[in-house]
Amino acid sequence: MSVHTATIEWKRGDQVFTDRRYSRAHQWRFDGGAVVPASSDPSSILPPLSDPAAVDPEEALVAAVSACHMMFFLAYAAKAGFTVDSYVDQAEGTLGRDERGKTAITAVTLRPRVAWSGETLPTPDDVAALHHRSHEDCFIANSIRAPVRVESV
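Residues numbered from 1 in each chain as written. Predicted model: local features only at pLDDT ≥ 70, side-chain atom pairs only at ≥ 80, totals over all residues. Heavy atoms only, no water.

Q: Tell me about the packing of aromatic side chains, and name the residues and values.
A: In total, this model carries eight aromatic pairs according to the counting rule given. Judged by centre distance (5.7 Å) and plane angle (70°), the ring pair of Trp-10 and Tyr-22 falls under edge-to-face. Pair noted here: Trp-10 is in the loop between β1 (6–9) and β2 (26–30) and Tyr-22 is in the loop between β1 and β2, with a separation of 12 residues, a long-range link. The exposure class of Trp-10 is partly exposed, given its relative accessible area of 34%. On the basis of an interplanar angle of 40° and a centroid distance of 5.8 Å, the ring pair of Phe-72 and Tyr-76 is categorised as tilted. A residue pair is termed a helical-turn pair when its members lie 3 or 4 positions apart in one helix, as Phe-72 and Tyr-76 do in helix α1 (residues 57–79) at four residues. (Phe/Tyr/Trp six-rings, centres within 6.5 Å; stacked < 30°, edge-to-face > 60°. Helix = DSSP H or I, 4+ residues; strand = E, 2+ residues; numbered from the N terminus. Buried < 20%, exposed > 50% of the residue type's maximum accessible area, 1.4 Å probe, protein only.)

Encoded structure:
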């Protein structure tokens with residue numbers, strides 16, 4: 001197994017803190033050097049206390065599920081001899097109340113659109129099998145409580 005790290009950094013600066021009107025903007029730093037501007041969801045903490053241009057944790061969770069599914073899909077497609085030219089997923093996460101009454105991501109829907117080329121093109125059944133296997137093996141999807149649906153074309 002492996003260990004994965006991220007450094008999450010927020011600084012108060014000269015803001016008053018106890019009035020709860022502090023900025024939620026912060027940074028995510030990853031081991032490869034990427035720095036991602038992050039913030040709370042602007043629908044829960046209104047701007048200017050949040051940064052709508054930054055990534056919020058809910059978006060990041062949905063992106064992680066989508067990217068994990070895609071990585072498995074690309075690997076399995078290549079192994080099967082299919083050539084993928086592009087893969088675009090308009091993934092969506094729904095925030096709501098779960099069965100415990102807790103606010104949570106209650107569903108993730110992946111909507112991958114895949115473009116293929118080459119001599120051997122997959123059938124619709126091949127594509128469905130690739131998505132099924134990818135979903136079953138995606139360790140991020142296996143780590144969350146919310147159901148993950150794949151709506152592919």
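Past the structure itself, the notes keep going.
Q: Explain the environment of Phe-30 residue by residue, including any values.
A: Structurally, the position occupied by Phe-30 is in strand β2. Along the chain, Phe-30 and Ala-6 lie 24 residues apart, while their C-alpha atoms are 4.9 Å from each other.

Q: Describe the pattern of salt bridges, with residues and values.
A: Once the charged atoms of two side chains with opposite charge are near each other, the side chains can pair. Enumeration according to the criterion identifies six salt bridges in this entry. Here Lys-11 makes a salt bridge to Glu-9, at a shortest N to O gap of 3.3 Å. By relative accessible area, Lys-11 is classed as exposed at 60%. With a relative accessible area of 29%, Glu-9 lands in the partly exposed category. In this structure, Arg-111 and Glu-151 form a salt bridge, with 3.2 Å as the shortest nitrogen-oxygen distance. Linking Arg-111 in the loop between β6 (103–110) and β7 (112–117) with Glu-151 in the segment after β8 (148–150), this pair joins segments that are 40 residues apart in sequence. One network of salt bridges, with partners in common, ties together Glu-9, Lys-11 and Arg-29. (Salt bridge = Lys/Arg side-chain N within 4 Å of Asp/Glu carboxyl O.)

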